[in-house]
Amino acid sequence: MESPSVATNTKQEKPQIQSTANVLKFIIYSLIGSFMFFIPITINGVSSIPIDHIVTWIKVTLPSAVPIYALIVILLGAVYPFISKSWSKDKVSIVFSLLKVLGAVVAILIYFKIGPEWLMAPSMGPFLFEKLVIPVGLVVPFGALFLALLIGYGLLEFLGVLMQPIMRPIFKTPGRSAVDMVADLAGSYSIGMLITNRLYKEGKYTLKEAAIIATGFSTVSATFMIVVAKTLGLMDLWSLFFWVSLAITYLVTAITVRIWPLNKMSDEYYSDNADPEEVIKEGLFRNAWNSAMVGANNSVSLGRNLWENLKDGFLMTMSILPSILSVGLISLVLAEYTPVFNLLGYLFYPFTWALQIPEPFLAAKASAIGIAEMFLPALLVVDAPLVTKFIIAVVSVSSILFFSATIPCILSTEIPISITKLVVIWFERTLITLIITAPIAILLL
């Protein structure tokens, strides 16, 4: 008796879902969002994507207010875990909450120029604050506004269905994992990780699938890639950098899913409530379009979407800035005053030398330091030859795993991956990325 009723309801709802309003929302908002992140334009002789032009305009227009804003955000980020009582929920939270407090102290010393001489050296605290903290502090919240257009009105659902035949044979994940892929890239690894963890707990991913997605798709967002490119002077090559990074990141994922430890992980579900994906073999575009219309139909109003994304972007900025400053400074100190990353760099040096990368040991050291924080490789090679800068920029995106953010995010989920396995996956991804990227960069640049 239920089937006719369901069919009737579907027929009644279809015209509404396929309405002109939903079609326009899907097309117009997705195009605007795509334009803001992926189409370089030239303003005052500078070629860059619109988001970057907005951030540059803010920095130029409000040169004294921007550092104050960054300091306030860092202070808020340091106290927020204690106000929300989330600081003590596990060991990882405790460690990173303390690191955020350290980041706040460092920010105060840098802003008021009262730190010790080693901290105030141009290549230490001021460099991190001006070249990393301020750009990230502006890019993430403003980028979040336009991400609302890119991911909130059906584009994710459309790509999810359309890419189903690609995901399983290449990445050994369901077609729905394309939503995670785009969410990570267009939003952030934290958003993607939340999606992955929820779908894993709902029985839509196996343990192996969730691990592949968490370690293979959760790369930095397009907004973070802007900061890397801008730091290294690659904005004139933005399109090349973006698409090469994207292609290599997912090529490396396709390789790592076939080697240990990912290939030996369990195919079990989180619970007995497994919900494997229905395979669509016919009418792929039609089903993708219908999914997009459902997404557009179920979307919230533009004003609410913009506000929620801005709020989430600001909270994310509060979480990121103090830990970036503290972990970044610790790593720079280790890199400057200790042989730690020199020693780790020897793991990659035979490969960077054999690949004929300019300044091979610097490239090896930059590759090694990426395990601490994804921005640090770029900071180390800021004065290196263009080929080296391009290669390391791609490595910083493709390696995915680093201790200042993505690794703690994964450890905070229900996906059981040990730190040892995460470090092994990081090494595999970094090495494979070097091997693939080097000849491309040398050929194209």
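Residues numbered from 1 in each chain as written. Predicted model: local features only at pLDDT ≥ 70, side-chain atom pairs only at ≥ 80, totals over all residues. Heavy atoms only, no water.

## Some remarks on the overall build of the protein chain
Link 1 in the chain: Per the secondary structure count, the protein chain includes 21 helices and 2 strands.
Link 2 in the chain: Relative to the 2.2 N^0.38 estimate, which gives 22 Å for 445 residues, the radius of gyration of the protein chain is 22 Å and therefore close to what a compact globule would have.
Link 3 in the chain: Its C-alpha atoms give the protein chain principal-axis dimensions of about 80 × 50 × 50 Å.
Link 4 in the chain: Burial status across the protein chain gives 51% buried among its 445 residues.
Link 5 in the chain: For the protein chain, restricting intrachain contacts to residue pairs at least 6 apart in sequence, the fraction spanning at least 24 positions comes to 77%. (Helix = DSSP H or I, 4+ residues; strand = E, 2+ residues; numbered from the N terminus. Rg over C-alpha atoms; globule rule 2.2 N^0.38 Å. Buried < 20%, exposed > 50% of the residue type's maximum accessible area, 1.4 Å probe, protein only. Contact = heavy atoms within 4.5 Å.)

## Regarding the packing of helix α4 (residues 65-83) against helix α5 (residues 91-111)
Link 1 in the chain: Direction vectors running N to C along α4 and α5 enclose 155 degrees, while the axes themselves pass 8 Å from each other. It follows from the interaxial angle that α4 and α5 lie roughly antiparallel. For the crossing formed where α4 meets α5, the hand is left-handed. Across the interface between the two elements, Pro67, Ile68, Leu71, Ile74, Leu75, Gly77, Ala78, Pro81 and Phe82 of α4 pack against Ser97, Lys100, Val101, Gly103, Ala104, Ala107, Ile108 and Tyr111 of α5.
Link 2 in the chain: Of the residues belonging to the contact of α4 with α5, the class tally is 13 nonpolar, 3 polar and 1 charged. (Axes fitted to C-alpha atoms, helices over the stretch in contact; angles between N-to-C directions. Parallel < 35°, antiparallel > 145°, perpendicular 65-115°, else oblique. Left-handed = near helix turned anticlockwise from the far one by under 90°. Nonpolar A, V, L, I, M, F, W, Y, C, P; charged D, E, K, R; others polar.)

## Things to note about the nonpolar core
Soluble globular proteins tend to pack their nonpolar side chains together in the buried interior.
Link 1 in the chain: Val136, Trp238, Phe241 and Phe375 are the most contacted members of the largest nonpolar core, which totals 132 residues.
Link 2 in the chain: The element contributing the most residues to this core is helix α6 (residues 125-151), with 13 residues.
Link 3 in the chain: Not counting residues up to four positions away in its chain, the partners in contact with Val136 are Pro141, Phe224, Val227, Ile320, Leu321, Ile324 and Phe375. (Core = buried A, V, L, I, M, F, W, Y, C linked by side-chain atoms within 4.5 Å.)

## Remarks on the packing of helix α2 (residues 20-38) against α6
Link 1 in the chain: Contact pair α2 / α6: the axes reach a minimum separation of 7 Å and the direction vectors enclose 140 degrees. When the axis of α2 is compared with that of α6, the two are oblique. At the point where α2 passes α6, the crossing takes the left-handed sense. Residues Tyr29, Ser30, Ile32, Gly33, Ser34, Met36, Phe37 and Phe38 of α2 pack against Gly143, Phe146, Leu147, Leu149 and Leu150 of α6.
Link 2 in the chain: Of the residues belonging to the contact of α2 with α6, the class tally is 9 nonpolar, 4 polar and no charged.

## Describing the environment of Asn297
Link 1 in the chain: Among the structural elements, Asn297 can be located in helix α14 (residues 284-297).
Link 2 in the chain: In this structure, the C-alpha to C-alpha distance between Asn297 and Ser19, residues 278 residues apart in sequence, is 8.7 Å.

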